[in-house]
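Here are the chains, one letter per residue:
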Amino acid sequence: EAGVTQSPTHLIKTRGQQATLRCSPISGHTSVYWYQQALGLGLQFLLWYDEGEERNRGNFPPRFSGRQFPNYSSELNVNALELEDSALYLCASTLGALPQHFGDGTRLSIL
Amino acid sequence: QKEVEQNSGPLSVPEGAIASLNCTYSDRGSQSFFWYRQYSGKSPELIMFIYSNGDKEDGRFTAQLNKASQYVSLLIRDSQPSDSATYLCAVNQEYGNKLVFGAGTILRVKS
């Protein structure tokens, strides 16, 4: 069974640009979660999508947004990039109350 | 008070010993509890999850939950150098369906 896949693996941007990160959940999973892991800050919840709808979001500014497509894959968009957005962005998927499984992440570097 | 607290470590144990990792949480309505292992530069990998008070064993790993004390622990028996990693405790709170992570405990198993 294929796990959660994320792309790209690495992304380098400059301040003010926009970044798009993609996630494909495990087959059969309908929920996708996005987390940010910045150096020294631990894993922080960003967004939860289920059945195409945004169900919950963490304490992040509106320039962090996303969507979930009919095939349950998801996209995270970060606008007006700032230096502190440099982090590992992790996507996890699950079905109902089952444990979340993480992809390998996208490392976003802001120059 | 942080929502999920872990001792950052490092916790050093000799090969073959039992490693004991602890975690406390503040949301009394939390329903499910997870332990993830994260190697440096990699994404978190699910090791154990527990929903009910008591112990749950899986191979060399035992998760223990005490909801009255708001305490969850992970025991690793016969520790191996390959167990050296950061162990993240995560709690699924009653509302919002998000995982709240502790900062992680660094475990070092010395051969």
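The structure we're discussing is the one just above.
Residues numbered from 1 in each chain as written. Chains lettered and ligands numbered in written order. Predicted model: local features only at pLDDT ≥ 70, side-chain atom pairs only at ≥ 80, totals over all residues. Heavy atoms only, no water.

Asker: Any chance you could break down the side chain of Gln6 of chain A for me, citing the residues and the numbers?
Answerer: Residue and element names in this part refer to chain A. Locating Gln6 in the fold gives a position in strand 1 (residues 5-7). With a relative accessible area of 14%, Gln6 lands in the buried category. A distance of 2.9 Å separates a polar atom in the side chain of Gln6 from the backbone nitrogen of Cys91. When residues no more than four places from it in sequence are discounted, the contact partners of Gln6 are Arg22, Cys23, Trp34, Tyr89, Leu90, Cys91, Gly103, Asp104, Gly105 and Thr106. (Helix = DSSP H or I, 4+ residues; strand = E, 2+ residues; numbered from the N terminus. Buried < 20%, exposed > 50% of the residue type's maximum accessible area, 1.4 Å probe, protein only. Polar contact = N/O pair within 3.5 Å; in protein donor to acceptor, adjacent residues only side chain to side chain. Contact = heavy atoms within 4.5 Å.)

Asker: Go over the layout of surface pockets, please, and point to the residues and values.
Answerer: Looking at the largest pocket, its volume works out to about 1,100 Å³. Secondary-structure elements contributing two or more residues to the lining of the largest pocket are strand 4 (31-38), strand 5 (42-50), strand 9 (87-94) and strand 11 (106-110) of chain A together with strand 1 (4-5), strand 9 (85-92) and strand 10 (99-101) of chain B. Here the lining of the largest pocket takes four residues from strand 5 of chain A, the largest share from any one element. Residues belonging to the lining of the largest pocket are distributed by class as follows: 18 nonpolar, 18 polar and six charged. Approximately 190 Å³ is the volume found for the second largest pocket. What lines the second largest pocket is a set of 16 residues, and nearest its centre among them are Phe102 and Asp104 of chain A together with Ser43, Pro44 and Glu45 of chain B. Looking at the lining of the second largest pocket, its residues break down into seven nonpolar, five polar and four charged. (1 Å grid on protein atoms, 1.4 Å probe; cavity = no way out; pocket = protein on both sides within 12 Å on 5 of 7 lines; lining within 4 Å. Points joined across faces, edges and corners; volume = space filled by probe spheres on them. Nonpolar A, V, L, I, M, F, W, Y, C, P; charged D, E, K, R; others polar.)

Asker: Hey, could you go over the interface of chain B and chain A for me, with residue numbers and the actual values?
Answerer: Of the residues lining the interface, 16 residues belong to chain B; the matching set on chain A comes to 18 residues. Area buried by chain B at its contact with chain A is led by Ser43, Asn97 and Phe101 of chain B, which between them contribute 31% of it. Scanning the region where chain B abuts chain A turns up zero salt bridges. Counting across the interface, chain B meets chain A through four residue pairs in polar contact (both at pLDDT 80 or more). Those elements that place two or more of their residues in the side of chain B that touches chain A are strand 4 (32-38), strand 5 (45-50) and strand 10 of chain B. Here the side of chain B that touches chain A is built from residues that sort into nine nonpolar, five polar and two charged. (Buried area = accessible area lost by both parts, 1.4 Å probe. Salt bridge = Lys/Arg side-chain N within 4 Å of Asp/Glu carboxyl O.)

Scope: geometric values only; no functional claims are made or implied.
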